[in-house]
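# Report on the structure
Residues per chain, in single letters:
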Amino acid sequence: FYLQVVLEGNAPVKHIYASTEERLSIDPGPQTIAVFSKTWAGKIKVAPNAQVDEKRIRRLQRSMDRSLRQNNPDSYEKNGTIKPGSALKRTACYERRVQCLKELHRKAAATRRCEHGRLINLLLSVAGDIRIEKNNWKAFQRGHFGKSLGKSGLSGFIEQLKSKAESAGLKVVEVNPYKLRPSQYDPYTEKYEKKALNARWHRLGNSSEWIQRDVMSALLLQCADIEQEKHIPTEVIK
């Protein structure tokens, strides 16, 4: 027997997205994004809870290394490196540690995907026209931000944001920063000044007001003419 239940009424709306007339700009960093829109501005951590237990992972890796060295004494050089072409013997205990290590990373990845989805739904509910500064994440990984990018998965976050926006009929535009240089531009003097990495605040003209540097970059993207690749300082100051 089969029972079919039909309920009267309208199906619940899963997500309510904003229109494409609402604009939001994003300046991405290794673990956080700076956001600017007409209703809200600030910094958001992309995946705050997707953190692996670093100490436990280090203990597991040291234990795995000791197991390999103990069971394969002839496969190592005098300087401690593995001899080329050596077939290492892996014990059952070693394989259990491998599975434990994989499980730790799997849980962090699942949490990261979930948090990415929640943040994307929040951003698309604020604006349907999103501008985001385009970055070379491979270069970031080769620099000093490889571990931070691995924790946040920011490149995957941006790809998921573009995919979800496209399926919802919304717009995500990646802006090339090489001509606009939003992190260096001052709308009050209309000049470009390269700042040190630790200079996190930007002074607004000669006033006593300051704005966070990454949020300022998002504000400049918000007001820029991206088709002609130029800033509109009057709009920024306004």
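Anyway, here's the lowdown on the structure attached to this text. (Residues numbered from 1 in each chain as written. Predicted model: local features only at pLDDT ≥ 70, side-chain atom pairs only at ≥ 80, totals over all residues. Heavy atoms only, no water.)

### Regarding a nonpolar patch on the surface
Just so we agree on the cut-off: Nonpolar side chains (Val, Leu, Ile, Met, Phe, Trp, Tyr) within 5 Å and like charges within 9 Å form the patches, drawn only from residues with over 30% relative accessible area and no salt bridge. Accessible surface is estimated by sampling points in the Shrake-Rupley manner with a 1.4 Å probe; for residues, cover comes only from the protein chains shown. Whenever a carboxyl oxygen of Asp or Glu lies within 4 Å of a side-chain nitrogen of Lys or Arg, that contact is scored as a salt bridge. Only DSSP runs of H or I with at least four residues qualify as helices, and only runs of E with at least two residues qualify as strands; both kinds are numbered from the N terminus onward.
On the surface, L3, V5 and L7 cluster together into a nonpolar patch covering about 410 Å² of accessible area. Mapped onto the fold, V5 is located in the segment before β1 (23-28).

### Considering the environment of G128
Operational definition: Each residue is placed in one exposure class: buried if its accessible area under a 1.4 Å probe, protein chains only, is under 20% of its type's maximum, exposed if it is over 50%, and partly exposed if it falls in between. We call two residues in contact when some of their heavy atoms are within 4.5 Å.
Looking at where G128 falls in the secondary structure, it is placed in the loop between α2 (92-126) and β4 (129-133). When its relative accessible area of 0% is taken as the criterion, G128 is described as buried. Each C-alpha atom, one on G128 and one on R112, is 23 Å from the other, the two residues being 16 residues apart in sequence. Leaving out residues up to four positions away in the same chain, G128 has contacts with A18, S19, T20, E22, L170 and K171.

### Description of the layout of surface pockets
To be explicit about the condition: Within this scheme a cavity is a closed region of a 1 Å grid, computed over the protein atoms alone, that accommodates a 1.4 Å probe without allowing it to escape, whereas a pocket is open but has protein on both sides within 12 Å along at least five of seven lines; lining residues each have an atom within 4 Å of a point. Grid points are joined across faces, edges and corners, and a volume is the space filled by probe spheres set on the points. The residue classification treats Ala, Val, Leu, Ile, Met, Phe, Trp, Tyr, Cys and Pro as nonpolar and Asp, Glu, Lys and Arg as charged. All others, Gly included, are polar.
Quantified by volume, the largest pocket comes out at close to 790 Å³. Taken together, 26 residues line the largest pocket, and the ones lying closest to its centre are E133, F140, S183, L197 and R213. At the level of secondary structure, the elements contributing two or more residues to the lining of the largest pocket comprise β1, β2 (32-37), α6 (177-180) and α7 (213-223). A total of three residues in the lining of the largest pocket trace back to one element, the largest contributor, which is α7. Class assignment of the residues belonging to the lining of the largest pocket gives a composition of nine nonpolar, seven polar and 10 charged. Each pocket or cavity is described by its volume, and for the second largest pocket that value is around 270 Å³. Lining the second largest pocket are 14 residues, and of these R23, F36, K38, Q222 and C223 lie nearest its centre. Looking at the lining of the second largest pocket, the elements that each hand over two or more residues are α7 and α8 (233-237). Looking at the lining of the second largest pocket residue by residue, the classes come out as five nonpolar, two polar and seven charged.

### Overview of empty space enclosed by the protein
In this structure the tally under the stated criterion is one cavity of 30 Å³ or more. Volume-wise, the largest cavity comes out at about 40 Å³. In this structure, the largest cavity is lined by P182, S183, Y185, K195, H202, R213, M216 and S217. If one sorts the elements of the lining of the largest cavity by residue count, α7 sits on top with three residues.

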